[in-house]
Amino acid sequence: MTTAFLSIMSLNRRLATGGPERLLFEDGVNLLVGSPNTGKTKWLETLDYLLGEPGADPFGDDEDEGLAAKYNAASAQIRLGEETFWISRRWKEAGGKGKIYVDQEPMLAKEFQHWLFAKLGIPLLHFPKGNPMSGQTWPELSFRMLLRHIYRRQGFWTDLADRQPEAEQLACILQFAGLAEHVFSADYGTLVEYKLQVEQLKFRRENYALTLNELARELLAHGDIQVDVSAVTIAAAKQRLEDQRGSLLAERDRLLSQTADSVLTIGQRSRVAELGVQRAVTSVLIETLNRRRNEVGDRLGELQRYRSDLAEEIERMTRAADAGAILSDLRITHCPACDQMVKALAEHSADCFLCHQHLPAEPIIDGMGAARLRFESDRLVGEIAEADELLAVITQEADKLDADADAAEKELIEIDQELRPARSAIAALADDRIGAIDTSRGQLDERERQLVRVSEALDVGVALTSEIARLEKLIKPLETSVAASARAIDFDAAAAHLEDGMNAYLEALNHLQPNTWRHNRVRVELSARTFRILVGRRLWSKALGGTDSLYFLMAYHYGLLTLSTVEGAHYPGLVVIDVPGDFLGEKIGDKENFIVQPFINLLTQEAYAGAQLIITGASFEGLTGAHFQHLKSVHIA
């Protein structure tokens, strides 16, 4: 057993008039006995409300308005393991309707459930509702979900936990068996999250690729890419454009050459060719000179700033020398620590009266500061002189570059003026064809720019692929860990514990009242995905009739109660059952005793000390070994 027992010590209701009503309970079997309309069900509904029911108070929805006005608060003393607490609800207090008070400390319903889990030692976890890969958020497995298996309401005798989804039922059984924290582990949750992200990214990548292909066919010229957009097809398309550009340039040169041959004489062609070479050389020279001028200008600016810094340093040295001349005669006259006047001792007149070191010859001391200043000043003057020389050299170089650049610019203008007649003559014949070629080149440039844009868009797909690869690397170790944990879970052993408990109850019924259970033994099937209880080979709900279903559900609660002592399980040792008034198809008295006797026998065992059954009934005449609570006041609407 790893879970503390939860037991009810007392249940209390406060009348609007201020008077209390109380039921006291003990460990073991507690029988809440009374004829119809004595309030047995309302007492259990009050307990349910105290254990975190977030809805209205147990009397607020009652058709009889008198009950709603009769009570204004309820409380219970509960034991959790070795600790006792008072829990209360005060639905008519301002601000108290939605709160549960634990020893006067208010809590919201969810906080209270977390507190209960912590005290009981039940782990708090989340579980998938249905397919873990559905993408739905995993809800929290709450105490209220578990309570539907612990507290059997009078009208809910058709399922293990009426109106509870199968996935929620499975999670509750796994929690009771102590397997839920292993099945729904943090690694498993992370693994599912990563796998969902991978699926979403793959879907995005697929849709992205389809969309990009459609847009690319509209953006790109016909023939650039016809089948699929990828890095390979874009590279091939760029190469085709480059080949076409080269062909156009060759055609342009050929056209200009043919035109020049037709309109220029041999001498003119030679001169045009010579001027063309000169123009190219001059253009390169101008570019080189401009680059050199920028470099020299930057160097000149650095030297000017350096010289300015040196001049400022010399000025500071001069001010320091002047200050030294004024302050050199000042001596320390008072102690810096105690502010008393200091005097040189006669016997140590050759030592410093402050640091007591031997004093050198007086002229050396007097000249040391001045010598250092002169040395620094001489060094700075030398550096300024050197800087001036460099400035002069660089200024000359800058002037020469300016002159050379001006000369080159003039030469280029002269070459262009001499070429102008030949250009005009060639352009007159070749202008239309050259324009068409240049237009085609411009179109090729635009197509290449579109290819570059599409190529950049492909980077999004590459990023998606990289993210998928990163997540898949994280998934592999998680899959290994989760698979190893799943292999270590003994579902069969957990199913066998519940199965043995249920069959033990049914066997006890047959001993107490022969032929009560005439069906095959119960079989429990449990896995990470499914939970089924079979009678023979059929699902219990399809194999059993009305009365046998009631026996079966009692056996189910008995089986859950036996999990309380199983090491590692998380059943809290409490069963609350509101028995239907017509359990056997007829009004019952002592006939209900035999359904309770197996619980009495079980809970008297030492291992179940602190466990508890609270069950309602009409009489339980002659039943021993249980604690009775008799309700006699019949409420009539």
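Criteria and cut-off values
Residues numbered from 1 in each chain as written. Predicted model: local features only at pLDDT ≥ 70, side-chain atom pairs only at ≥ 80, totals over all residues. Heavy atoms only, no water. Helix = DSSP H or I, 4+ residues; strand = E, 2+ residues; numbered from the N terminus. Buried < 20%, exposed > 50% of the residue type's maximum accessible area, 1.4 Å probe, protein only. Areas by Shrake-Rupley, 256 points an atom, 1.4 Å probe, with all protein chains shown as cover. Pairing = 2+ DSSP bridges. Axes fitted to C-alpha atoms, helices over the stretch in contact; angles between N-to-C directions. Contact = heavy atoms within 4.5 Å. Core = buried A, V, L, I, M, F, W, Y, C linked by side-chain atoms within 4.5 Å. Salt bridge = Lys/Arg side-chain N within 4 Å of Asp/Glu carboxyl O. Phe/Tyr/Trp six-rings, centres within 6.5 Å; stacked < 30°, edge-to-face > 60°. Lys, Arg positive; Asp, Glu negative; His and termini not counted. Polar contact = N/O pair within 3.5 Å; in protein donor to acceptor, adjacent residues only side chain to side chain. Parallel < 35°, antiparallel > 145°, perpendicular 65-115°, else oblique. Nonpolar A, V, L, I, M, F, W, Y, C, P; charged D, E, K, R; others polar. Left-handed = near helix turned anticlockwise from the far one by under 90°.

## Side note on the overall build of the protein chain
When helices and strands are tallied, the protein chain shows 14 helices and 14 strands. Looking at the protein chain as a whole, 39% of its 637 residues are labelled buried. With an accessible surface of roughly 35100 Å², the protein chain has 53% of that area assigned to carbon and sulfur atoms.

## Some words on the sheet that holds strand β4 (residues 71-80)
Read from one edge of the open sheet, 6 strands run β2-β1-β4-β5-β6-β7, paired in antiparallel fashion. If you trace the sheet from one side to the other, it starts and ends with β2 (20-24) and β7 (105-108), each paired once. Neighbour-to-neighbour, the strand axes of this sheet turn through a mean angle of 25°, independent of strand direction. Examined bridge by bridge, strand β6 (residues 99-102) and β7 share 4 bridges and lie antiparallel to one another. Following the sheet pairing, Ile-100 is matched in β7 by Met-107. Along the sheet face, helix α3 (residues 109-120) touches β1 (6-15), β4, β5 (83-89), β6 and β7 and points at about 105° away from the line of β7.

## Section: the sheet that holds strand β3 (residues 28-34)
Working definition: the strands of a sheet are paired by backbone hydrogen bonds and lie parallel or antiparallel to each other. Across the sheet, which stays open at both edges, the 5 strands sit in the order β8-β12-β13-β3-β14 with parallel pairing between neighbours. The open sheet has two edge strands with one neighbour each: β8 (151-152) and β14 (627-631). In this sheet, β14 lies alongside β3 in parallel orientation, the contact comprising 5 bridges. Bridge assignment links Gly-34 to a residue of β14, and that residue is Leu-631.

## Observations regarding the pairing of β5
Pairing of β4 with β5, which is carried by 7 bridges, proceeds in the antiparallel orientation. Bridging across to β5, Ala-76 finds its partner in Ile-87. Where β4 folds back on β5, the antiparallel hairpin that results is connected by 2 residues, among which Gly-81 adopts a positive phi of roughly 70°. Note that β5 and β6 share 2 bridges and pair antiparallel. What sits directly across from Ile-87, in β6, is Val-102.

## Section: the nonpolar core
The biggest cluster of nonpolar side chains holds 123 residues, and the ones touching the most others in it are Phe-184, Leu-526, Ile-533 and Phe-552. Formed by 12 residues, the second largest nonpolar core is a distinct cluster that contains Ile-286, Leu-391, Ile-394 and Leu-401.

## Quick notes on the pattern of salt bridges
For the structure shown, the criterion picks out 21 salt bridges. The partner of Glu-472 in a salt bridge is Lys-202, with the nearest N and O atoms 3.6 Å apart. Residue Glu-472 is found in helix α10 (residues 362-488), and its partner Lys-202 is found in helix α7 (residues 186-219); the two are separated by 270 residues along the sequence. The exposure class assigned to Glu-472 is partly exposed, which follows from its relative accessible area of 33%. The exposure class of Lys-202 is partly exposed, given its relative accessible area of 32%. In this structure, the salt-bridge partner of Arg-379 is Glu-383, at a minimum N-O distance of 2.7 Å. Separated by 4 residues within a single helix, Arg-379 and Glu-383 lie in helix α10, roughly one turn from each other. For Arg-379, a relative accessible area of 36% puts it in the partly exposed group.

## Looking at helix α1 (residues 40-50)
Burial within α1 is extensive, with 9 of its 11 residues counted as buried. Residues of α1 that are buried: Lys-40, Lys-42, Trp-43, Leu-44, Thr-46, Leu-47, Asp-48, Tyr-49 and Leu-50. Directly beyond the C-terminal end of α1, a positive phi value near 105° is found at Gly-52.

## Comments concerning the packing of aromatic side chains
All chains considered together, the criterion is met by 11 aromatic pairs. Taking 5.7 Å as the distance between ring centres and 70° as the angle between the ring planes, the aromatic pair formed by Tyr-49 and Trp-91 counts as edge-to-face. Separated by 42 residues along the polypeptide, Tyr-49 in helix α1 and Trp-91 in the loop between β5 and β6 bring together distant segments of the chain. Relative accessible area serves as the criterion here: at 1%, Tyr-49 is assigned to the buried category. Since its relative accessible area comes to 7%, Trp-91 is described here as buried. An aromatic cluster is built from Phe-85, Phe-112 and Trp-115, whose rings are joined through pairwise contacts.

## Some points on the side chain of Arg-90
Residue placement: Arg-90 occurs in the loop between β5 and β6. Within the buried core, Arg-90 has no salt-bridge partner, and the shortest N-O distance to an opposite charge, that of Glu-93, equals 4.0 Å. A distance of 2.6 Å separates a polar atom in the side chain of Arg-90 from a polar atom in the side chain of Gln-104. Contacts of Arg-90, omitting those with residues within four sequence positions, involve Asn-72, Ala-73, Gly-96, Lys-97, Tyr-101 and Gln-104.

## As for unusual backbone geometry
Phi is positive for Asn-37, which is not a glycine, with a value near 70°. The topology assignment puts Asn-37 in the loop between β3 and α1. Positive phi, normally seen in glycine, also occurs at Gln-104, with a value near 75°. Examined against the element boundaries, Gln-104 turns out to sit in the loop between β6 and β7. With relative accessibility at 59%, the residue Gln-104 sits in the exposed group.

## A few points about the pairing of strand β12 (residues 574-577)
A regular strand places its side chains on the two faces of the sheet in alternate fashion. Side chains Leu-574 and Val-576 project from β12 onto one buried face, and the interleaved Val-575 and Ile-577 project onto a second face that is buried too. Pairing analysis gives 2 bridges linking β8 to β12, with the strands arranged parallel. From the neighbouring strand, Tyr-151 faces β12, where its bridge partner is Val-576. Across 4 bridges, the pairing between β12 and strand β13 (residues 612-617) is parallel. Following the sheet pairing, Val-576 is matched in β13 by Ile-614.

## Observations concerning the packing of α3 against helix α4 (residues 143-150)
The relative placement of two packed helices comes down to the angle between their axes together with the axis-to-axis distance. Put simply, α3 and α4 touch, their axes get as near as 10 Å, and they point 65° apart. Classified by the angle their axes make, α3 and α4 are roughly perpendicular. Of the residues in α4, those in contact with Gln-113, Leu-116, Phe-117 and Leu-120 of α3 are Phe-143, Arg-144 and Leu-146. Across the contact of α3 with α4, the residue classes tally to 5 nonpolar, 1 polar and 1 charged.

## Examining the packing of helix α11 (residues 491-512) against helix α14 (residues 593-603)
One way to put it is that α11 packs onto α14 with a least axis distance of 9 Å and a crossing angle of 125°. Considering their axes alone, α11 and α14 lie oblique with respect to each other. By crossing handedness, the relation of α11 to α14 is classed as right-handed. When α11 is examined against α14, the residues Tyr-505, Ala-508, Leu-509 and Leu-512 are found in contact with a partner set consisting of Phe-594, Ile-595, Gln-597, Pro-598 and Phe-599. Counted by class, the contact of α11 with α14 contains 8 nonpolar, 1 polar and no charged residues.

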